[in-house]
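# Structural characterization, general
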Amino acid sequence: MNTPSRLVVLISGNGSNLQAILDACKCGELNAQVVSVVSNKADAYGLTRAKNAGVEAIHFPKLENESRNEYDARLADYVSTCLPDYVILAGWMRILTSSFLSHFPNRVVNLHPALPDTFPGTHAIERAFEAYQRGEIEHTGVMVHLVPDEGVDNGPVLATEVVAIHKEDTLETLETRVHQTEHVLLVNTLKKILEEKVTRSY
Ligand code: GAR
């Protein structure tokens with residue numbers, strides 16, 4: 001067995017996708033270890049999930065008078081000390097600048113609850129639900145992609161999965177279906193990239 005990959009997971013909220021990663025690491029589905037969980041929000045439930053799993057949980061707020069670039073550089077300094085193989089954005093709701101991204105080329109992976117080039121940014125599921133009600137779309141989806149630059153929920157796509165929307169759906173039932181799809185797609189995609197890492201040369 002190869003050495004487990006080191007993951008740093010950045011979150012801003014509930015952390016259900018973090019939980020999927022933690023569970024997959026624990027049961028051996030992912031040959032990886034979450035070495036730190038970082039949240040920009042103090043009350044993110046994902047921090048509790050990390051602590052419950054015995055993983056370092058860090059609240060990393062932006063300081064008053066700190067610019068975005070300064071915050072991102074300070075965050076990169078911290079994350080670098082964790083020696084991550086990959087940085088996973090699992091519900092991280094801040095746009096990262098090159099002050100962070102330049103430290104981890106091809107190592108930052110984002111999850112977004114929509115298909116490529118649709119509904120970037122916040123409230124993607126709600127916006128897809130509304131677009132469906134207006135007859136503009138027939139389905140939505142989920143994607144996992146690399147984050148090369150400041151483009152919002154945009155970058156080389158690693159995996160996508162279509163999520164059906166049904167006539168009888170409420171926003172809540174659609175959200176549940178999207179999140180269930182995310183939990184599986186994120187873990188499966190991480191599994192693939194971690195396996196590739198063994199044969200890829202950096
Ligand atoms: C997930 O749906 C994730 O795709 C989304 O935030 C949610 C976090 O849920 N991310 C974005 O919208 C990024 N633009 P979680 O905290 O339960 O994992």
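Reference entry: report on the structure contained in this document. Please read these numbers as outputs of a predicted model, since none were measured by experiment.

### Here's the deal with the environment of tyrosine 78
The residue tyrosine 78 is located in helix 3 (residues 68-81) in this model. Remark: the alpha-carbon pair of tyrosine 78 and phenylalanine 60, spanning 18 residues in sequence, is separated by 9.5 Å.

### Quick notes on the pattern of salt bridges
Note on pairing: side chains with opposite charge can pair once their charged atoms come close. All told, the structure shown has four salt bridges when counted by the stated rule. We note a salt bridge from glutamate 136 to arginine 134, for which the minimum N-O separation is 2.8 Å. Classification of glutamate 136 by relative accessible area gives exposed; the value is 52%. We classify arginine 134 as exposed; its relative accessible area is 53%.

### Overview of helix 3
Between the first and last C-alpha of helix 3 there are 20 Å, a value that for 14 residues agrees with the 20 Å anticipated at 1.5 Å per step. Among all positions of helix 3, only Tyr71, Asp72, Leu75, Ala76, Tyr78 and Val79 are buried. What you see down the axis of helix 3 is that its buried residues fit within an arc of 165°, all on one side. Of the surrounding elements, those touching the buried residues of helix 3 are strand 1 (5-11), strand 2 (32-39), strand 3 (57-59), strand 4 (86-89) and helix 4 (98-101). After helix 3 finishes, the residue leucine 83 shows a positive phi value of roughly 50°.

### Brief notes about the sheet that holds strand 3
Across the sheet, which stays open at both edges, the seven strands sit in the order 3-2-1-4-5-6-7 with mixed pairing between neighbours. A strand with exactly one partner marks an edge of an open sheet, and here the two such strands are strand 3 and strand 7 (157-164). Mean inter-strand twist for the sheet, computed between neighbouring axes without regard to direction, equals 20°. Pairing analysis gives seven bridges linking strand 1 to strand 2, with the strands arranged parallel. When the bridges of strand 2 are listed, valine 9 appears paired with valine 37. Most of the contacts of helix 2 (residues 45-52) go to strand 3, to which it runs at about 155°, and overall it touches strand 1, strand 2 and strand 3. Packing of helix 3 onto the sheet brings it into contact with strand 1, strand 2, strand 3 and strand 4, and relative to strand 2 it is tilted by some 155°.

### Describing the layout of surface pockets
Its volume calculated, the largest pocket comes out at about 790 Å³. Gly91, Trp92, Met93, Leu111 and Pro113 are, among the 34 residues lining the largest pocket, the residues nearest its centre. Counting residues per element, the ones that place at least two in the lining of the largest pocket are helix 1 (16-26), strand 5 (108-112), helix 5 (124-133) and helix 6 (171-199). The class makeup of the residues in the lining of the largest pocket is 13 nonpolar, 14 polar and seven charged.

### Section: the packing of helix 1 against helix 2
Interhelical geometry of helix 1 versus helix 2 gives an angle of 15° and a closest axis separation of 9 Å. Considering their axes alone, helix 1 and helix 2 lie roughly parallel with respect to each other. Taken as a pair, helix 1 and helix 2 cross one another with a handedness that is right-handed. Residues Ser16, Leu18, Gln19 and Leu22 of helix 1 touch helix 2, and the partners they reach there are Gly46, Arg49 and Ala50. Broken down by class, the residue content of the contact of helix 1 with helix 2 amounts to three nonpolar, three polar and one charged.

Definitions and cut-offs
All chains use their own residue numbering, which begins from 1 and follows the written sequence. With the structure being a predicted model, the display of local features is reserved for residues of pLDDT at least 70 and the display and counting of side-chain atom pairs for 80 or more, all residues being used for whole-chain, interface and lining totals. Excluding hydrogens and water, the side-chain values take into account all heavy atoms of the structure. Working definition: helices are DSSP H or I runs of at least four residues, strands are E runs of at least two. Numbering for both runs from the N terminus. By convention in these notes, a salt bridge is any Lys or Arg side-chain nitrogen within 4 Å of a carboxyl oxygen on Asp or Glu. Burial here depends on accessible area, computed with a 1.4 Å probe over protein chains only, as a share of the maximum for the residue type. Under 20% is buried, over 50% is exposed, and the range in between is partly exposed. A helix is expected to reach a length of 1.5 Å times the quantity of its residues less one. By arc we mean the arc of the directions from the helix axis to the C-beta atoms, nothing more. Any two residues whose heavy atoms approach within 4.5 Å at even a single point are treated as in contact. Strand pairing follows a simple DSSP-based rule, namely that at least 2 bridges must link the two strands. Axis definition: a line fitted to C-alpha atoms, over the contacting stretch in the case of helices. Angles run 0 to 180 degrees between N-to-C directions. Here a cavity means grid points, on a 1 Å grid over the protein atoms only, where a 1.4 Å probe fits yet cannot get out; a pocket means an open set of points with protein on both sides within 12 Å along at least five of seven lines; lining residues are those with an atom within 4 Å of a point. Grid points are joined across faces, edges and corners, and a volume is the space filled by probe spheres set on the points. Each residue gets one label: Ala, Val, Leu, Ile, Met, Phe, Trp, Tyr, Cys and Pro are nonpolar, Asp, Glu, Lys and Arg are charged, and the others, such as Gly, are polar. Roughly parallel means an angle under 35 degrees; roughly antiparallel means over 145; roughly perpendicular covers 65 to 115; every other angle is labelled oblique. In this scheme, a crossing is called left-handed if the near helix is turned counterclockwise away from the far one by less than a right angle; it is called right-handed if the turn is clockwise.

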